[in-house]
Amino acid sequence: MTTAKVPLPPCSSRIFRNIECGPSPAAETLGFRRLRGINVAGLNRSLRSFVLRGRSKPIKAKENASASLIDDWFKPIMAKEDSDTEDRAAAALSGKNLTQMSNVGNSTNIMWHDCPIQKRDRQQLLQQKGCVIWLTGLSGSGKSTIACALSRSLHSKGKLTYVLDGDNIRHGLNCDLSFRAEDRSENIRRIGEVAKLFADAGVICITSLISPYQKDRDACRALLPKGDFIEVFIDVPLSVCEARDPKGLYKLARAGKIKGFTGIDDPYEPPCSCEIVLQQKGSDCTSPSDMAEIVISYLEENGYLRA
Ligand SMILES: Nc1ncnc2c1ncn2[C@@H]1O[C@H](COP(=O)(O)OS(=O)(=O)O)[C@@H](OP(=O)(O)O)[C@H]1O
Ligand SMILES: Nc1ncnc2c1ncn2[C@@H]1O[C@H](COP(=O)(O)OP(=O)(O)O)[C@@H](O)[C@H]1O
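Keep in mind that this is a model prediction, so the values were computed, not measured.

Peer 1: I'd like to hear about the site of ligand 2, residue by residue, with values.
Peer 2: Of all residues adjacent to ligand 2, which total 15 residues, the nearest are Gly 140, Lys 143, Ser 144, Thr 145 and Thr 286. Measuring from an oxygen atom of ligand 2, one finds a side-chain N or O atom of Ser 144 at 2.7 Å. In isolation ligand 2 offers 560 Å² of accessible surface; the protein chains occlude 76% of this area. The element best represented in the shell around ligand 2 is helix H5 (residues 143-156), accounting for three residues. Taken together, the residues of the shell around ligand 2 break down into four nonpolar, nine polar and two charged.

See the structure below:
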């Protein structure tokens with residue numbers, strides 16, 4: 001067999017380096033046998049097509065380059081010592097996962113699709129733990145201000161955050177929802193699901209919603225692994241919030257021009273047991289950045305600021 005060196009292919013992907021022209025090799029010659037428990041015959045076709053994608057001529061990896069080619073491709077998987085590594089690798093290669101077909105809500109015949117790069121890999125990359133900091137409190141209690149102070153401070157420490165603010169999300173994803181009880185619940189459910197995705201991405205997700213009902217907050221907590229839902233009650237009396245009234249909404253609510261306003265003619269259920277309470281009493285005023293530091297201390301103490 002003749003082999004000729006080819007220049008780096010146009011895609012300039014790292015895995016295409018040290019590649020020579022020649023007939024497609026058997027999977028074994030690429031060192032695939034090193035992957036215990038995986039069907040090598042099945043891999044042969046799928047991996048060759050991966051290597052060959054975008055090429056007009058078949059290519060062959062050099063004997064000594066092949067190991068690094070495979071190592072690069074599998075490094076995130078092979079580095080793990082978990083017992084599920086081989087299953088995950090096989091699933092990644094087949095493009096399917098090993099779970100069953102299911103029905104969820106109105107979605108029938110759906111199957112969960114796993115990816116070999118998982119939350120822990122992203123956390124390793126980001127050097128932090130994905131979680132949800134759920135700020136709850138009356139309108140005007142300081143949720144948005146504290147969320148921003150928290151995000152700013154964590155950002156300056158090199159930590160990746162994202163703020164989901166109720167007001168903002170109601171401009172897009174949740175613009176179909178009103179302030180009736182069932183719509184508030186749906187608002188919170190959707191934001192809980194989005195926050196869960198952010199946490200799974202390894203991001204410290206900060207939500208800023210009135211979220212007046214305990215059962216809705218509990219349902220969001222239940223979406224996340226234990227410890228990853230950090231409920232923070234911004235405990236500011238109605239009288240203080242009303243005196244602040246930055247948007248003039250309390251005034252409108254008192255005048256009867258807004259119906260069902262939280263704290264006026266709609267309920268707010270304070271958390272009965274939450275991770276952090278940030279209290280503001282009368283003239284005893286803690287600054288938003290000091291409040292943010294209290295939350296950051298909690299994150300530090302509980303290991304969320306390292307992988
Ligand atoms: N009826 C009524 N009740 C309470 N709040 C009202 C209402 N109508 C409009 N607003 C404005 O909407 C903001 C609250 O939205 P949220 O998505 O956080 O509410 S909820 O969690 O679904 O209850 C809230 O913003 P914040 O002040 O940031 O809390 C208000 O500005
Ligand atoms: N810790 C604080 N001390 C004093 N004022 C605050 C504090 N936090 C927020 N505020 C002020 O209160 C008002 C309402 O804050 P905001 O963050 O909009 O509350 P929410 O998002 O809960 O409606 C704003 O004018 C803000 O500057």
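What follows picks up the thread again.
Peer 1: An account of the layout of surface pockets is requested, with residue identities and associated values reported.
Peer 2: Counted as a void, the largest pocket has a volume near 560 Å³. Contributing to the lining of the largest pocket are 31 residues, with Ser 139, Lys 143, Asp 167, Ile 210 and Lys 247 lying nearest its centre. When its residues are assigned to classes, the lining of the largest pocket shows 10 nonpolar, 12 polar and nine charged. Roughly 250 Å³ of volume is contained in the second largest pocket. In this structure, the second largest pocket is lined by Trp 112, His 113, Asp 114, Cys 115, Ile 117, Gln 118, Lys 119, Arg 122, Glu 193, Lys 196, Leu 197 and Asp 200. Elements with a contribution of two residues or more to the lining of the second largest pocket: helix H4 (119-126) and helix H7 (181-200).

Peer 1: Tell me what's going on with helix H11 (residues 288-301), and back it up with residues and numbers.
Peer 2: Counting along an α-helix, one turn takes 3.6 residues, and residues three or four places apart therefore face a common direction. Between its first and last C-alpha, H11 extends 20 Å over 14 residues, near the 20 Å set by a 1.5 Å rise per residue. Among all positions of H11, only Met 291, Ala 292, Val 295, Ile 296 and Leu 299 are buried. One face of H11 carries all of its buried residues, which in axial projection span an arc of 145°. The secondary structure elements touched by the buried residues of H11 are strand S5 (131-136), H5, strand S8 (229-235) and strand S9 (276-279). Once H11 ends, the next one or two residues include Gly 303, with phi positive near 80°.

Peer 1: Got a sec to walk through the packing of H5 against H11? Specific residues and values, please.
Peer 2: At a closest axis distance of 8 Å, the pairing of H5 and H11 adopts a crossing angle of 60°. With respect to each other, H5 and H11 are oriented oblique. Along this stretch, H5 crosses H11, giving a crossing that reads as right-handed. Two secondary-structure elements touch here, H5 through Thr 145, Ile 146, Ala 149, Leu 150, Ser 153 and Leu 154 and H11 through Pro 288, Ser 289, Met 291, Ala 292, Glu 293, Val 295, Ile 296 and Leu 299. A class-by-class count of the residues in the contact of H5 with H11 yields 10 nonpolar, three polar and one charged.

Parameters and conventions
- Residues numbered from 1 in each chain as written.
- Chains lettered and ligands numbered in written order.
- Predicted model: local features only at pLDDT ≥ 70, side-chain atom pairs only at ≥ 80, totals over all residues.
- Heavy atoms only, no water.
- Near = heavy atom within 4 Å.
- Polar contact = N/O pair within 3.5 Å; in protein donor to acceptor, adjacent residues only side chain to side chain.
- Areas by Shrake-Rupley, 256 points an atom, 1.4 Å probe, with all protein chains shown as cover.
- Helix = DSSP H or I, 4+ residues; strand = E, 2+ residues; numbered from the N terminus.
- Nonpolar A, V, L, I, M, F, W, Y, C, P; charged D, E, K, R; others polar.
- 1 Å grid on protein atoms, 1.4 Å probe; cavity = no way out; pocket = protein on both sides within 12 Å on 5 of 7 lines; lining within 4 Å.
- Points joined across faces, edges and corners; volume = space filled by probe spheres on them.
- Expected span 1.5 Å × (residues − 1).
- Buried < 20%, exposed > 50% of the residue type's maximum accessible area, 1.4 Å probe, protein only.
- Arc of directions from axis to C-beta.
- Contact = heavy atoms within 4.5 Å.
- Axes fitted to C-alpha atoms, helices over the stretch in contact; angles between N-to-C directions.
- Parallel < 35°, antiparallel > 145°, perpendicular 65-115°, else oblique.
- Left-handed = near helix turned anticlockwise from the far one by under 90°.

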